[in-house]
Each structure stands twice: as structure tokens, then as C-alpha cells.
Amino acid sequence: MIGTLRRMVLPGRNDTAMASKKEHKRKQKNRTPDKAPERASTGENSFSLPGVEINSLNLLASAPPVPDDSRPAEEDDAARKRDEAEAAAEAERLREEAEAAERQRREAEEEAARIRAEEERQRLEAEAAAEAERRRVEAEAAERRRREAEEEAARIRAEEERQRLEAEAAAEAERRRVEAEAAERQRREAEEEAARIRAEEERQRLEAEAAAEAKRRREEAEAAERARKMAEEAERARMMAEKVEKARREAEEAERLHQEQIEAERVSMERAAAERAAKMAEEAERMRHMADAVARGRRDELVAATPAPPLEVDNPYWQKPPEIFDVLSGAPHSAAGGGRPGYVPAGDEPSLPVTMAEEPDAGNHVHAPRGCYIEDHAGGGGASADPDETVAVPLEKRMYIVMVTPEVAPCAKVGGLGDVILGLGRELMKRGHGVEVICPMYSSMRYDLIDDLREEYAELWCPHYNEWRQEKVFQGKVGGGLQVNFITGGGYTERPSIYGFDDDLQRFTYFSRQALEFMYKTNRRPDIIHCHDWATGLVAPMLWDIYEKLGWNNSRVVYTIHNNECQGLCGFGDKLLGLVGMDVKEYMRPDRMQDDTHRNCINMMKAGIVYSNFVTTVSPTYAGELKSVAGGRGLQTTITKNSAKVGGVLNGIDYETWDPTTDDKITARYGSGDDFFEKYKNKTALREWLGLWDAWKPIISVVTRLTHQKGLDLIKHAIYSAQKLQAQFVLLGSAPDPKVNDEFLRMQHELKDNHDINLYIGYHEDLSHLIYAGSDMFLVPSLYEPCGLTQIISLRYGTVPIVRETGGLVDTVFDLDNSGRGLNNANGFTFRDANAASLDYGLGRAVRLWYDNPDAFNRLARNGMRYDYSWRNPTEHYENIYNYIKA
Ligand code: ADP
């Protein structure tokens, strides 16, 4: 509407503008007469009319005829007046137009105002109507709500009323139901009471009947028992009479045997005395001959007559003198004759049931099968250019040695015994000897560590109680060349582990017989059969009592005690020996296999000691300890009696397996020189493996079987002592006893959040290498330790050992403060007693040195690396022992 109004107004406005322009022109025109004279006086050729501006050019273009100067003035006047009149008329007309336009504008404005007023009025009316409508709607809504609220209130009241009525009805129903139930219960109780009374009457009736029946039966049984006792009595009397008769016969027999034994001993003593006399005469003759040779300056005769050591006559199984350890470089002596003094070999050569698996090398006098000696050394001899290199023995001194063993590293290893077989075997081979190992073929072995495994002998028939069992022999190489014959053992070898079964005694008795049977059938006749621990204790008695009779009389037996904790004690000797066809009555004697303490048992380790030609233990200190009550564990009497043939040879370790300069199981390789400090990279790697803090602290570690021998309480104490001393602690331990295993697993769980301690429960070869290389100190707190390999390995890896002074630990670790060797030669720390205070003394000194004087500590570690605990020295000792006893 306003737009329309504006459109209507606009022409008016234009008109107004035009009118004002016209008005302006008009005013100009009115002023013109006043100005014209001035313009005329200036001489300009222009003049103007009201409302019209005219210049001279306009005039020229459309000029009216030039006034005629000749016209009269009255005409000009009239014309001027006419023009004025026209101008006035024109002006009047313009004014009227302007007024008309003004009027129109005012009318338009009024019209617009009116329209706006009308619109305003309509808007107000519309608003009022809308307001009225809204109020009306609101009023309606309010009315509706009020009505609804009233209805809701009415409905609630009705509902409440209904509920009240229902509740009253339910209460009434419940009351009636309870009354009905009570009535029903009373009825049932009455019925039950009646039934109970009836049942009670029935029970009493049955009881009365049963009592009558039982009484009748008891009377019958009593009568039967009386009859049985009378029969037993008669039988007992009969048996008693038989026993009396048997005892009488046995007493007669015992007396006869006793007399025979006395006679036999007398004869034996007379024979021994005669032999001694003959020997003395022989000796006198020899001495005379030697004196004569000296007198004649014949050194060759003197050497040839060098005295053979005297025979040990008290022990019928011992033939060689004890000075074995003093003759490391001397020529050994061999006694002529069979393996036992007085033995007369059977006349017939045994017929061999099989041909040899491999023909012996004719050029090799040891007659060992091929493959059990190292070809490189076969033609050698003499010193090599490198003083560290093994020297091969001259050809004529080489021997053929067979190790019979329950363990061999790395494929069938439980502890140090397996390592000894590998280390000693390889070193003997390097020196030119022929070496073979015989070991059971356990199903639990690490077959991946055996090379070239193949069937060697398919039909090894072995006695097993009253039958013969067929076994097989497989041959393979371990540790890069040591030849091992693995013998199957049916159900005896298919076990999840090597030891730990109720029939272990039978298992290894059978194996010992198998080993001999294998050698016998394949015509292996070693110079030396080297047996190990209780498991092979019966090899020597079987050799003498079974195979010697078959003509096998040129082998000698060395028996090594690695640990006498387990001796193979057997209370059912008849069954055990019966397994391999031996008669227990022959052996149940104090000078043979009878245990010195448990008189009804045979002792397999004692058999090994008594029947072998030489007995070794794994360290000199342990050899001494075996003679004591604590160390001998019941064998002290036997050891002492046989001490002439018992000696200790310290174990070595395999320097190829345990070599920090080449070990590929550790992170960084190092030696004892400038590269020693590379060792600490292994410390970092060990910490990473086990999740220990990377802190400025020493690491004390233990790698062990978790058994009583290893000092379990001291190991536990050390864990907490290490913490107190600001050291970290690592344990790698495997526990054959599940209870011990659980105990350590519990501790492991309790300490799992402690990043200064890690207990790894289990067996882990690779981790053990990193522990030896990455630790600063190595703890061996054993209660007793025949030799111990772990402290030797730790020395090799520059990890300072802290050990208890027992067994082989005494022979290998030399205390910084107490051994008298000083910082130049000491290699560790020792403590004496198996208690916490003593252990803390050792640990405390070691950790203090680490913190207070790192240079001295490293010196100690590097001293340890320079000790030679390889198999070179021990092998020389064994070689001399072998030489000494060989036939
Ligand atoms: P043992 O009385 O067990 O023969 P030794 O000290 O003579 O004790 O030899 C133990 C050998 O077994 C060492 O080579 C040692 O590294 C290894 N050994 C022991 N326990 C473990 C283990 N839990 N994990 C790996 N190697 C172990």
C-alpha cells in the first residue's frame, strides 16, 4: 500500500520539482530587467526572457527579422507591453500549474496518510481479533484441563474404592485359605501319626525276627570257626614239625659250608702266602739282576727291569698299586694275565655270534672300530708347534676306551656327569685314543643334537629274567665327533626323563648287561671300560663273572664316582641280579656287594668300587671326604679298605662349549684381555631377557639343579641378602622334586614385581650361557659338591665365584682374603659353614669389593679366566690311570 502510495506521490514530487524550477526561472525572468542594462553596458550579445535564456547565437540561428529602426517608438512600446502581458500571462499560467501541482501533491499526501491510517486501523483490528482468539482458545484449554482434572480425581477415587474392596475380598479369601490349610494339616498329621504307629509296630516285629535270625547264624558261625581253628592248629603243628626238620638240615648245611669256607680261606691264604713268597723271590732275583745291570752299566736292562708295583692281595679284585698320581710322566706297567689274580682262562676261544660291525684298523694297535678315534692324530705324535694344542700320544701308547654311562652331553644330560663324558671323551680322542660311548637310547633324548644317527646292530639279544629280549644299537656322533652307541631298552628307556622311576635299579642293571653283551657280540675288546656312577656299578662284576669265563680277559675297568648320594641300594637283590642271570648268594657278602650298613641290601656303587681296577672321584678333596662318615654316606668303610686304588681327578669343562671368545649363545664375545669389558654387553642383554632394572648394581646368579645337595635354604637366604646388599639376583634352577619346584614357583610369584630379582624355574641351556657371561658373581652354596662344574664355567666367563668350602669347590676356587694367593692369583670368594652368617660373609665381601674397588674386582674376574680348567690336565691323569691298569 505504501509502495502504491509512493508511486502515486512521485509524479507529484516531479511536478513539484518542475514547478520549483519554473518558479526559479520565473524569478530569474523577473530579475532580468534589472540586470539587462548592466549586460547591455558590458556589451554582451545576450538578453533573456522570463523563463528563457537566450544568447546571441540563438538569436543568430533563428533570429526574427531585425527590428526595423525605422519603426515608431509607440510600436515598440506596444510590442514591449504585449510581451510583458504575455510573459505575465505565462507566469500566471505557470503559477497556476504550480499551485495545481501543489494541490495534487497535498491531496496525494493526504490520500497516503489516510491509507496509512486505514492500514493501521486494520492492523490494530487484526491484532485485537488475534488476541481475542488466543484468549478464547486459552480459556477453552483451561476449561478442558479443569474438566480433565475433575475426571481424573473422580477416576482415582473410583480406583481407590475398587482396590479397597478387592483388598477386603483378598483378606477374606486368605483368612479362609489359612483356616482350610490348618484343617488339612491337622488331618494329615493325624494320618501320619497313625502310619508311624503302624511302621513302628512293623519294625519292632522285623527286629525281633532279625535278632532271632542273627542269633541262629552266630551260633552257626561260632561252630564253623571252632572247626577252622582246630584245622589250623593241626596244620601249624605239621608245619612246625617240618620247620624243625628244615632248620636241622640247614644248620648241618651251614656248618658244612662254614667248614668249607674255613678250608677255602686257609687254602687261599696258603696260596697267597706262596704267591707272596714267590714274588719276593722273584723280586730278590730282579733286584740282583738290576744291581748287576748297574754294575755293568746297562741302562737298557735297568729300565726293562723297572719294578712292577706289588700286588694288593687283601682285595682279590685289585691288582695295581696306588701311586698313580705320582707317575704322570712315568711309564705305566701292566700285569700279565687275566683281569683277576688267579683267574685261569677257559680253554676254548668263544665262538663269536656275529661278525664285527666294522673291521678294526690293522694299523691301529688299539683295535677299536673305525670312527672312535680321530684320524688326524692317528699318525701324529710328539709335541705340536702350539704349546696350547693337545699333544697326541705316541702310537704304541694309544688305547681303546669305552665309556659306559647313563648320561652323555649334550643329548642325554641331567647334570655334570654328561658333561664329563663329552669333555673327557673328546680330549682322549684328540690325544689319539679310540673312544666310544655306550648309553641307553632314551626316548626323551635331544635327538636334534645327535649327528649321523644310524642303526649299528639290529639283533642284540639280552637276557632279561628267564627270557631273551631283542634290542637294537644305534650309532651317532655328539659334540662334533664323539661316537656314541645308543642301546634300546624296550619299556626301560621309553620314559619322559632319564631318572626318577621305581624300577631305575632294574633299568640300569639291564643296561649294564646290554652294554657288555654289545661289546662281546661285536668283538669290541677295549683296553679300558670306564664306568660311571651307581647306574653302571654292576658292569665290573658282570665282566669278571660272566664274560671273563667266555675268554674276554684283556679289558680293565675304571669306575668313577660322580656323586655318592645315590648308590643303587637294593633290598631285593635276588630279583635285581636275577634279571641279568646273576646269583645273589654269590654277592651278598661284606667283601662283595653287601651294603655296609643295610645288611640285607646289595649296593651297586659298592660293587663298582670293589670289582673295578681303579676308582676315581671327581676331585681330590671329595676323594678324601668319601672316607669320612659324613662324606662316605655308608661307603666310608669300603672306600677306606680300597683306598689303595681310589684317587680324585678334578673334572674339567669342555673348553669348546664353554668359551666366551666364541660362544654364539651370548650377546657379545670377550676374552681376559682388553676385550674383557665387552662382557658388560651381556649384562645388559641378561637384564633385558629377565626384565631386571638397568641399575648400577652387581648381578649375583645361581645355575643349578634345585636339590638338597645344592643348599636350598642358603639359596633362598641369598635372594634376600642380595637385596640387602644392593645387588640383583638371578636363579636358573630345575627341581626334580615337584614339592621343591612348587616352593620355588611360589617364591617366583611373590617376587614377580621385584625388578632386582628373577627366578627362572626350569632347564634352559641358552639362558645358562648368558647368565654365566652376564653376571658379576656366581654363587655355589652346596652342602657338599663332588666337583661342581658351574663354578668352573663361571671362572671361564670371568664371573667371580662365591662358593662354600666343600669338595671340588675347594680345589677350584681360591679366596681373595684367605687363600694366601693375593690379588694376583686369587679367583673368588669362599665361606666355610653351611649357615646364613657364613654365606653372608662371602657375599658381603664380594659385593663390597664390587662397589668399593671395581678395578680389584675386575682383576679377580680376569684371574679366573686365566686358570686352566680344560680337560687337558684331567685327561693326562686318566690316561696315566688307564695305562697303569691296562692289561
Ligand atoms: P650336578 O650336581 O648337577 O652335576 P654340576 O655343577 O656338576 O652339578 O653340573 C651342572 C651342569 O648342569 C652345568 O653344566 C650347569 O650349567 C647345568 N645346569 C644345571 N642346572 C641347569 C638349568 N636349570 N638350566 C641349564 N643348565 C643347568
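See the structure shown above.
Residues numbered from 1 in each chain as written. Predicted model: local features only at pLDDT ≥ 70, side-chain atom pairs only at ≥ 80, totals over all residues. Heavy atoms only, no water.

K.L.:
I'd love a proper account of the overall build of the protein, names of residues and values included.
P.N.:
On a plain count of helices and strands, the protein comes out with 24 helices and 19 strands. Counting only residues that meet the buried cut, the protein has 41% of its 887 residues in that class. Taking all contacts inside the protein whose residues are at least 6 apart in sequence as the whole, residues at least 24 apart take part in 73%. In the form shown here, the protein has an accessible surface area of approximately 47300 Å², with 54% of it arising from carbon and sulfur atoms. (Helix = DSSP H or I, 4+ residues; strand = E, 2+ residues; numbered from the N terminus. Buried < 20%, exposed > 50% of the residue type's maximum accessible area, 1.4 Å probe, protein only. Contact = heavy atoms within 4.5 Å. Areas by Shrake-Rupley, 256 points an atom, 1.4 Å probe, with all protein chains shown as cover.)

K.L.:
Could you give an account of the packing of aromatic side chains, with specific residues and numbers?
P.N.:
How two aromatic rings sit relative to each other is given by the distance of their centres and the angle of their planes. All told, the structure shown has 21 aromatic pairs when counted by the stated rule. Summarising the aromatic geometry, the rings of Tyr520 and Tyr547 are spaced 5.5 Å apart at their centres and angled 55° between planes, so their arrangement reads as tilted. Taken together, the residues Tyr520 in helix α7 (residues 504–521) and Tyr547 in helix α8 (residues 539–547) connect sequence positions 27 residues apart. As far as the burial class goes, Tyr520 and Tyr547 line up, both buried. (Phe/Tyr/Trp six-rings, centres within 6.5 Å; stacked < 30°, edge-to-face > 60°.)

K.L.:
Quick rundown of the sheet that holds strand β5 (residues 451–464)? Include the residues and the values.
P.N.:
Reading across the sheet, the nine strands line up as β5-β6-β7-β4-β3-β8-β9-β12-β13 and stay open at both edges, with mixed pairing between neighbours. Since the sheet does not close on itself, it has two edges, and those belong to β5 and β13 (646–648), each with one partner. Each strand of the sheet is rotated relative to its neighbour by a mean of 25°, with strand direction disregarded. Where strand β8 (residues 528–532) lies against strand β9 (residues 556–561), five bridges are found, and the strand directions are parallel. Directly across from Cys531, in β9, lies its bridge partner Tyr559. Here helix α6 (residues 416–430) sits on the sheet and contacts β3 (400–404), β4 (434–440), β6 (467–478), β7 (482–487) and β8; the angle it forms with β7, its principal contact strand, is near 135°. Along the sheet, α8 contacts β3, β8 and β9; its crossing angle with β9, the most-contacted strand, is approximately 160°. (Pairing = 2+ DSSP bridges. Axes fitted to C-alpha atoms, helices over the stretch in contact; angles between N-to-C directions.)

K.L.:
Residue-level account of the pattern of salt bridges, with values.
P.N.:
All chains considered together, the criterion is met by 91 salt bridges. One salt bridge connects Asp694 with Arg687, and the closest N-O pair in it is separated by 3.1 Å. Asp694 sits in the exposed class, given a relative accessible area of 63%. A residue is classified by how much of its surface remains accessible, and Arg687, at 6% relative accessible area, is buried. Taking the shortest distance from any N to any O, the salt bridge between Lys710 and Glu785 comes out at 2.9 Å. Taken together, the positions of Lys710 in the loop between β14 (699–705) and α16 (712–724) and Glu785 in the loop between β17 (777–780) and α19 (790–796) put the pair 75 residues apart, joining distant regions of the chain. For Lys710, a relative accessible area of 12% corresponds to the buried category. Classification of Glu785 by relative accessible area gives buried; the value is 5%. Through salt bridges with shared partners, a single network forms among Arg426, Glu427, Lys430, Asp654 and Glu656. (Salt bridge = Lys/Arg side-chain N within 4 Å of Asp/Glu carboxyl O.)

K.L.:
Outline the site of the ligand, listing residues and values.
P.N.:
Taken together, 20 residues lie around the ligand, and Gly416, Arg705, Lys710, Tyr772 and Leu789 are the ones closest in. A distance of 2.9 Å is found between a nitrogen atom of the ligand and a backbone nitrogen or oxygen belonging to Gly762. One nitrogen or oxygen atom from the main chain of His764 is found 3.1 Å from a nitrogen atom belonging to the ligand. The protein chains hide 94% of the 560 Å² of surface that the ligand would expose on its own. Listing elements by their share of the shell around the ligand, those giving two or more residues are α6, β14, β15 (728–734), α18 (765–774) and α19. (Near = heavy atom within 4 Å. Polar contact = N/O pair within 3.5 Å; in protein donor to acceptor, adjacent residues only side chain to side chain.)

K.L.:
Explain α7 residue by residue, including any values.
P.N.:
Look at α7: 25 Å from first C-alpha to last across 18 residues, which is about the 26 Å you get at 1.5 Å a residue. Most of α7 is tucked away: 18 of the 18 residues are buried. Asn523 sits one or two positions beyond α7 and adopts a positive phi of about 60°. (Expected span 1.5 Å × (residues − 1).)

K.L.:
Lay out empty space enclosed by the protein in plain terms, naming residues and giving numbers.
P.N.:
On inspection of all chains with the given rule, the structure shows three cavities of 30 Å³ or more. Here the largest cavity defines a volume of roughly 60 Å³. Around the largest cavity, the lining residues are Pro440, Tyr442, Ile487, Gly489, Tyr492, Thr493, Arg507, Phe508, Phe511 and Gln514. Per element, the largest residue contribution to the lining of the largest cavity is four residues, and it comes from α7. Of the residues belonging to the lining of the largest cavity, the class tally is six nonpolar, three polar and one charged. (1 Å grid on protein atoms, 1.4 Å probe; cavity = no way out; pocket = protein on both sides within 12 Å on 5 of 7 lines; lining within 4 Å. Points joined across faces, edges and corners; volume = space filled by probe spheres on them. Nonpolar A, V, L, I, M, F, W, Y, C, P; charged D, E, K, R; others polar.)

K.L.:
Pulling in residues and values, what's your account of the sheet that holds β17?
P.N.:
On the basis of which strands lie adjacent, the open sheet formed by six strands has the order β16-β15-β14-β17-β18-β19 and parallel pairing. Two strands close off the open sheet at either side, each with one partner strand: β16 (757–761) and β19 (829–831). Strand after strand, the sheet turns through a mean of 15° between neighbouring axes, direction not considered. Across two bridges, β14 lies against β17 in parallel orientation. In the strand pairing of β17, Ser701 is matched with Phe778. Its contacts with the sheet place helix α17 (residues 738–750) against β15 and β16, and it is angled at close to 150° to β16.

K.L.:
Which residues make up the packing of α7 against α8, and what are the values?
P.N.:
Direction vectors running N to C along α7 and α8 enclose 50°, while the axes themselves pass 10 Å from each other. The angle between the axes of α7 and α8 places the two elements in the oblique class. Here the hand of the crossing between α7 and α8 comes out right-handed. For the pair α7 and α8, contact is made by Thr509, Ser512, Arg513, Leu516, Glu517 and Tyr520 and by Val539, Met542, Leu543, Ile546 and Tyr547, respectively. (Parallel < 35°, antiparallel > 145°, perpendicular 65-115°, else oblique. Left-handed = near helix turned anticlockwise from the far one by under 90°.)

K.L.:
Describe the nonpolar core, with residues and values.
P.N.:
Counting residues in each nonpolar core, the largest one holds 94 residues, and the members touching the most others are Val408, Ile529 and Tyr882. In terms of residue count, the dominant contributor to this core is α7 (nine residues). Not counting chain neighbours up to four residues away, the residues in contact with Val408 comprise Lys413, Gly418, Ile421, Val437, Cys439, Val478, Val484 and Phe486. Judged by nonpolar contacts, the second largest core, of 73 residues, contains Leu692, Ile792, Ala856 and Ala861. (Core = buried A, V, L, I, M, F, W, Y, C linked by side-chain atoms within 4.5 Å.)

K.L.:
Give me helix α11 (residues 604–611): which residues, what numbers.
P.N.:
Taking burial as the measure, the eight residues of α11 include eight buried ones, the bulk of the element. Turning to α11, its buried residues are Met604, Met605, Lys606, Ala607, Gly608, Ile609, Val610 and Tyr611. At the N-terminal end of α11, a side-chain oxygen is found 2.9 Å from the backbone nitrogen of Met605, two or three residues along, and the residue is Asn603.

K.L.:
Go over the environment of Asn858 with me, naming the residues and quoting the values.
P.N.:
Inspection of the secondary structure puts Asn858 in helix α23 (residues 854–866). Distance from Asn858 to Phe677, taken between C-alpha atoms, is 9.2 Å for residues 181 residues apart in sequence. Sequence-distant contacts of Asn858, defined by excluding residues within four places in its chain, comprise Phe676, Phe677 and Tyr680.

K.L.:
Which residues make up unusual backbone geometry, and what are the values?
P.N.:
With an omega of 0°, the peptide bond running from Ala409 to Pro410 counts as cis. Take Pro410: it is sitting in the loop between β3 and α6.

K.L.:
I'd like to hear about the side chain of Thr806, residue by residue, with values.
P.N.:
If you trace the backbone, Thr806 turns up in the loop between β18 (800–804) and α20 (807–812). The exposure class of Thr806 is buried, given its relative accessible area of 4%. Leave out the neighbours within four places in its chain, and Thr806 touches Glu625, Ser782, Leu783, Tyr784 and Glu785.

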